[in-house]
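# Breakdown of the fold
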Amino acid sequence: MTDFPTDATEWNVDAQRRHLAEQLRDARALPGAPLGDDADIVAMSLPPYYTACPNPDVAAWLSATTPDGHDDRTYADPGPFTTDISEGKSNPVYKAHSYPTKVPHPAIMRFLLHYTEPGDVVLDGFCGSGMTGVAAQACGMPPNDLRRDIEDEMGKVRWGPRRAVLSDLAPTATFIAAGVNFPVDAKAFDRRTAEILDAFETEWGWMYKTTDDRGRERSIDYTVWSEVFTCPSCAGPIVFYDVAFNQRTGRVDESFRCPACGKELTKDSVQRRKVEVRSLGGDTYERVELRPVKIHYRDGAAKKSKDVEDADSSVLRRIAGLALPGRVPTHDLPIDQMVHGSRLAPKGFHRVHHLWGDRALVSLAALWKMCSEEPDPLLRMALLFWVEQALWGLSWMNRYQAVQQGKLGGSQVNRQMTGVYYVSSLVSECHPRYNLEGTQAVRGKRKSLVKTWEASPARLGSVAISTGSSTHLGLPNDSVDYVFVDPPFGANIPYSDLAILVESWHGVRTNPAEEAVMGRAARFVRTLSEYGELMEQCFTEFQRVLKPGRWMTVEFSNSSNEVWLTIQHALAKAGFVVADTRIIDKE
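All values derive from a computational prediction rather than experimental measurement.

What follows concerns the overall build of the chain. A count of helices and strands for the chain gives 18 helices and 24 strands. Considering the chain as a whole, with its 587 residues, one finds that 58% of them fall into the buried category. In the chain, once contacts between residues fewer than 6 apart in sequence are set aside, the share between residues at least 24 apart is 75%. Surface summary for the chain: the accessible area is close to 24,900 Å², and the carbon and sulfur share equals 46%. Of the side-chain charges in the chain, 67 are positive and 76 negative, and the distance between the mean point of each set is 6 Å.

Shown next as structure tokens:
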């Protein structure tokens, strides 16, 4: 029998994980169960409330958390919600972790307050980063200014927390959802992250040291790396930064001259140049040549830069001879099945660990290991939630952008191109502390998360999260009071592709067999009609679990009328009637 404690001190996560391990065989046979070893799935989970597989306890949770007499109430149909909503993206919970698509939770709160009552169960079958769960809990503890705004708009509403069932196909999504929906001790997180950064600095800080023009040791903020091309005229090497980057304007010139023969060239006319690389993952491969060209550091509050010197190169050579301090993902990228695999393979990036340089790979291995060894399960989740956000920003995909918002300067944190795997010809390789804490600690990512969890309305036991296909939710018939969903975007976003980088570190990956995405690669549903069939199956499952006469809201942002019509047809086939259409402006 599974227990559902609401006090974290009474929550025996180890026992719950053993219970989950016993049920994994059946859970992994369900649609959309993720790929990965049993041990990794169990380690990623916080059962019974969050499982990185179909949650075997979600029906029992629903029964255990239903207030006495709740289902005996007389239901009063509120009718359709008929107000357009405008809500910004500046909320700290919204910004706590990046994800391809989100709806700000204050916007969702309006729907919950209209369609549900305290204690009701809300379902989000495409939960993404978990904002519906945040909204359900925030209805019980809204900030005063938000409470006033909503009451000014909607009049009298019934405040009080709702329960939420969240489901998504992607382990990376449900892990983020757990991070924003479970209670994290903000003070413990603040203390432990500071300790981890200090421990990292003690053991590995030498990798990010340089000297200034007076020979004083300085800590590197970031190093600019440049792709090296070959001149088609004289076959000489062309360091792209040296010939094309204008340090006065911070922009790249369209044309430039070969430093050896003087031929005028453009990026389209030069030839790609590859070198053999020995990775710390143990393999040797050919990829585009990348060369460090500029080091940026601080002297007090002043930002300074310098050319790469022999001593700096010596540090890089020393790093290349290290053994990794922890486990890193080294499996092949499914290049032939990826929408954007064609952007990686020609440049020589074929395996997951190829996406980081030696220094970044050592740093991430060390940080991931330190966070994974945290004994407190909620704090461990929070630490990995934090480090996850550096995975893209410490990779070769972190573009060097000297000009931001029309001005020279600005942060180089997480400058990767969104929605795509793309290695630029100019890369910023950041110090982990620069990425995870920032140059001003009180304003950086670490402190932002502290503030987010300090103000969080999350309570243990209010939300149940499952990882799998929404064609099979594991809930009883007629058990849900309201459904709010934001379906996948047809062909716009290759979700499972983009999840590979982060999920590989967890060892638990999205099973794309039931991913409702049209596309141009083998891992995706390939036609609009097949997309519609999958959406119909999900909507039919929502119809099965939704109580008779209750409401579902479908938030949809695809600009394609064809895809929207497909969604409408799927809704009709599943037995739903579209009662009204309104606008959510995410400003």
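Next up on the list: the pairing of strand 3 (residues 121-124). Side chains on a regular strand alternate between the two faces of the sheet. Side chains V121 and L123 project from strand 3 onto one buried face, and the interleaved V122 and D124 project onto a second face that is buried too. For strand 3 and strand 4 (residues 163-168), the ladder comprises four bridges, and the chain directions are parallel. By the bridge assignment, V121 is partnered in strand 4 with R163. Examined bridge by bridge, strand 3 and strand 21 (residues 480-485) share two bridges and lie parallel to one another. What sits directly across from V122, in strand 21, is Y482.

Attention shifts here to the pairing of strand 16 (residues 302-307). Sheet analysis places strand 15 (residues 290-299) next to strand 16, joined by six bridges and oriented antiparallel. Across the sheet, H296 pairs through a bridge with S305, a residue of strand 16. Between strand 15 and strand 16, which pair antiparallel and follow one another directly, the connecting turn spans two residues, one of which, G300, has a positive phi of 65°.

Next up on the list: the sheet that holds strand 3. To summarise the sheet geometry, strands pair through backbone hydrogen bonds and adopt either a parallel or an antiparallel arrangement. A sheet is described by the order of its strands in space; here five strands give the open sequence 20-4-3-21-23, paired in parallel fashion. Two strands in the sheet have a free side with no partner beyond their single neighbour: strand 20 (463-467) and strand 23 (546-554). Going across the sheet, the axis of each strand differs from the next one's by a mean of 20°, ignoring polarity. In this structure, strand 21 lies alongside strand 23, joined through five bridges in parallel fashion. By the bridge assignment, V483 is partnered in strand 23 with M552.

The next thing to look at is helix 1 (residues 13-27). Counting along an α-helix, one turn takes 3.6 residues, and residues three or four places apart therefore face a common direction. The largest bend along helix 1 measures about 35° and falls at A21. Buried residues along helix 1 sit against helix 2 (38-44) and helix 13 (377-388).

The next subject is the side chain of T510. One can find T510 in the loop between strand 22 (508-509) and helix 17 (528-545). Apart from residues no more than four positions distant in its own chain, T510 is found in contact with L35, L169, A170, P171, S496, A499 and E503.

Turning next to the packing of helix 17 against helix 18 (residues 561-573). For any two helices packed against each other, one specifies the crossing angle of their axes together with the interaxial distance. Running from N to C, helix 17 and helix 18 point in directions that differ by 40°, and their axes come no closer than 8 Å. The angle between the axes of helix 17 and helix 18 places the two elements in the oblique class. Remark: the crossing between helix 17 and helix 18 carries right-handed chirality. In this structure, helix 17 uses L528, Y531, G532, M535, E536 and F539 to contact helix 18, whose residues at the interface are E562, V563, T566, I567, A570, L571 and K573. The residue inventory of the contact of helix 17 with helix 18, partitioned by class, reads eight nonpolar, two polar and three charged.

Calculation notes
- Residues numbered from 1 in each chain as written.
- Predicted model: local features only at pLDDT ≥ 70, side-chain atom pairs only at ≥ 80, totals over all residues.
- Heavy atoms only, no water.
- Helix = DSSP H or I, 4+ residues; strand = E, 2+ residues; numbered from the N terminus.
- Buried < 20%, exposed > 50% of the residue type's maximum accessible area, 1.4 Å probe, protein only.
- Contact = heavy atoms within 4.5 Å.
- Areas by Shrake-Rupley, 256 points an atom, 1.4 Å probe, with all protein chains shown as cover.
- Lys, Arg positive; Asp, Glu negative; His and termini not counted.
- Charge placed at Lys NZ, Arg CZ, Asp CG, Glu CD.
- Pairing = 2+ DSSP bridges.
- Axes fitted to C-alpha atoms, helices over the stretch in contact; angles between N-to-C directions.
- Bend = angle between axes of the 7 residues up to and from the residue.
- Parallel < 35°, antiparallel > 145°, perpendicular 65-115°, else oblique.
- Left-handed = near helix turned anticlockwise from the far one by under 90°.
- Nonpolar A, V, L, I, M, F, W, Y, C, P; charged D, E, K, R; others polar.

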